[in-house]
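# Working through the structure, step by step
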Amino acid sequence: MGMDTRRTTRALATEAVHAGRDDLAGLGLHAPPIDLSTTYPSYDSRAEAARIDAFATTGAEPDGPPVYGRLGNPTVARFETALARLEGTESAVAFASGMAALSAALLVRGSMGLRHVVAVRPLYGCSDHLLTAGLLGSEVTWTDPAGVADALRPDTGLVLVESPANPTLAEIDLRAVAHACGSVPLLVDNTFATPVLQRPAEHGARLVLHSATKYLGGHGDVLAGVVACDEEFAGRLRQVRFATGGVLHPLAGYLLLRGLSTLPVRVRAASANAAELAARLAADPRVDRVHYPRIGGAMVSFEVNGDPHEVIAGVRLITPAVSLGSVDSLIQHPASISHRIVDADDRRGAGVSDRLLRLSVGLEDVEDLWADLDAALGERKAAPARPEALAQG
């Protein structure tokens, strides 16, 4: 045989299709199996004791057959392997929701006496609330990206940012923030960008958080969260997951693995739609301001010069609903729903105005989407178009 000329590294689109499935052909399978077992037989209790002791020490996944569903599941592990490959990290740990994943990261650091968090607004409303309310015993200092270094304390456990941010789509220089963090782990919520557009670990983030409910699943039928990180931190996250029980169901793990296979195609197609809609909205006199990130993506936020609730009530093709990242388009009013839980002054201070609408653009034909938005925005005003209304970042 001649020399093997296949590449040693694989492109993102290839990894999306094959990561987590590399062993299937050797097993005589094509589609990943779904393991629904909650428990597994073991006739060697001494060996089980040793494996459980090892898990208690490092949180490493036990060697050999599974033990119990709360320690880990083979189907979920396939998704974790694949997501880590896409984000360029050693490991990933999946949870029952994005908030369970964030809670686990906070609990890991809090268990070490590092309960202080430095965070940049805006964040997803429930993330903001979790920190502000101190529900896990954490204390938060809110700052802008330039103030991160000065906000650090000896008991700071995490620096938390979201870029592009929910819902204003503000972007942060992740490399600069990571440098300012010093030895404190930077956690980046990468839900909006996905690894297709941005891999925060390459810019110095130690932890990359996803609400996997959104683009990773991509079809509005699975609730999940995941943290991509180094293996040392992953071990601690697994220990918290085992102790608190925020585990991901195997069927959800299967759906997420399937979702990853089309992630690059979905994100790029939806992003093309979003960029076109952002340009049209920015030139429309019924819209005061449009937010669309430089990095691109499928999220658009815009501030109407009329009543935003009338737009919500007026759409027919686009679904007025919370969440995002599905194959179909969704629109919601953050001040009423996703960020309602945030104090009104803090909400407005972070740029979340009462007239802001957040649009998650799907895979429909862009002309159909525009026709729906155009009708929902109502009668046109006489004012001239303002192309400068498109705000990047």
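All of the points below concern the structure found in this document. (Residues numbered from 1 in each chain as written. Predicted model: local features only at pLDDT ≥ 70, side-chain atom pairs only at ≥ 80, totals over all residues. Heavy atoms only, no water.)

## Remarks on the overall build of the protein chain
Selection rule: A helix here means a DSSP run of H or I that spans at least four residues, while a strand means a run of E at least two residues long, and both kinds are numbered starting from the N terminus. Radius of gyration: over C-alpha atoms. The globule rule applied is 2.2 Å multiplied by the number of residues raised to the 0.38 power. Partly exposed residues are those whose accessible area sits between 20% and 50% of the maximum for their type, while under 20% is buried and over 50% is exposed, using a 1.4 Å probe and protein chains only. Values of accessible area rely on a 1.4 Å probe in the Shrake-Rupley scheme; residue burial ignores everything except the protein chains shown. Counted as positive: Lys and Arg. Counted as negative: Asp and Glu. His and the chain ends are not counted at all. Throughout, a charge is located at the NZ atom of Lys, the CZ atom of Arg, the CG atom of Asp or the CD atom of Glu.
Assigned secondary structure in the protein chain consists of 14 helices and 13 strands. At 22 Å, the protein chain has a C-alpha radius of gyration in line with the 21 Å of a compact globule built from 393 residues. Referenced to the eigenvectors of the C-alpha coordinate spread, the extents of the protein chain come out at roughly 80 × 55 × 40 Å. Residues counted as buried form 51% of the 393 residues belonging to the protein chain. Accessible surface, the protein chain: about 17,100 Å² in total, of which carbon and sulfur atoms supply 55%. Of note, the protein chain has its 36 positive side-chain charges centred 2 Å away from the centre of its 46 negative side-chain charges.

## Quick word on the pattern of salt bridges
Inclusion rule: The term salt bridge refers to a pairing of a side-chain nitrogen on Lys or Arg with a carboxyl oxygen on Asp or Glu at a separation within 4 Å.
Within this structure, the stated rule accounts for 20 salt bridges. E15 is paired through a salt bridge with R85; the nearest N and O atoms lie 3.0 Å apart. Of the two residues, E15 sits in helix α1 (residues 12-18) while R85 sits in helix α3 (residues 74-87), which places them 70 residues apart along the sequence. In this structure, R206 engages D230 in a salt bridge whose closest nitrogen and oxygen atoms are separated by 2.6 Å. Here D230 lies in the loop between β7 (225-229) and α9 (231-244) and R206 lies in the loop between α8 (194-197) and β6 (207-211), a separation of 24 residues in the sequence. Given the relative accessible area of 28%, R206 is considered partly exposed. Through salt bridges with shared partners, a single network forms among R10, E15, D22 and R85.

## A closer look at the packing of helix α10 (residues 250-261) against helix α11 (residues 263-282)
What counts, and what does not: To get an axis, fit a line to the C-alpha atoms, keeping to the stretch in contact for a helix; angles then go from 0 to 180 degrees between the N-to-C directions. By definition in this entry, angles of less than 35 degrees are roughly parallel, angles greater than 145 are roughly antiparallel, angles of 65 to 115 are roughly perpendicular, and the rest are oblique. A contact between two residues is defined here by any heavy atoms of the two lying within 4.5 Å. Any residue outside Ala, Val, Leu, Ile, Met, Phe, Trp, Tyr, Cys, Pro, Asp, Glu, Lys and Arg is labelled polar, Gly included; the first ten of those are nonpolar and the last four are charged.
Their axes nearest at 4 Å, the elements α10 and α11 cross at an angle of 60°. Considering their axes alone, α10 and α11 lie oblique with respect to each other. Where α10 approaches α11, its residues G259, L260 and S261 are matched on the opposing element by L263, P264 and R266. Looking at the contact of α10 with α11 residue by residue, the classes come out as three nonpolar, two polar and one charged.

## Quick word on α10
How we decide: By definition here, a helix of n residues has an expected span of 1.5 Å times n minus one.
Between its first and last C-alpha, α10 extends 17 Å over 12 residues, near the 16 Å set by a 1.5 Å rise per residue. When α10 is considered as a whole, its buried residues turn out to be P250, A252, G253, Y254, L255, L256, L257, G259 and L260. Summarising the contacts, the buried residues of α10 are in contact with α1, α3 and α11.

## Description of the sheet that holds strand β3 (residues 139-143)
Worth spelling out the cut-off: Pairing between strands requires that DSSP locate at least two bridges from one strand to the other.
Strand order in the open sheet made by the seven strands is β1-β7-β6-β5-β4-β2-β3, with mixed pairing throughout. Edge positions in the sheet fall to β1 (91-95) and β3, since each of these pairs with one other strand and no more. This sheet shows a mean twist of 20° between the axes of neighbouring strands, independent of strand direction. One ladder, built from three bridges, connects strand β5 (residues 186-189) with β6; its direction is parallel.

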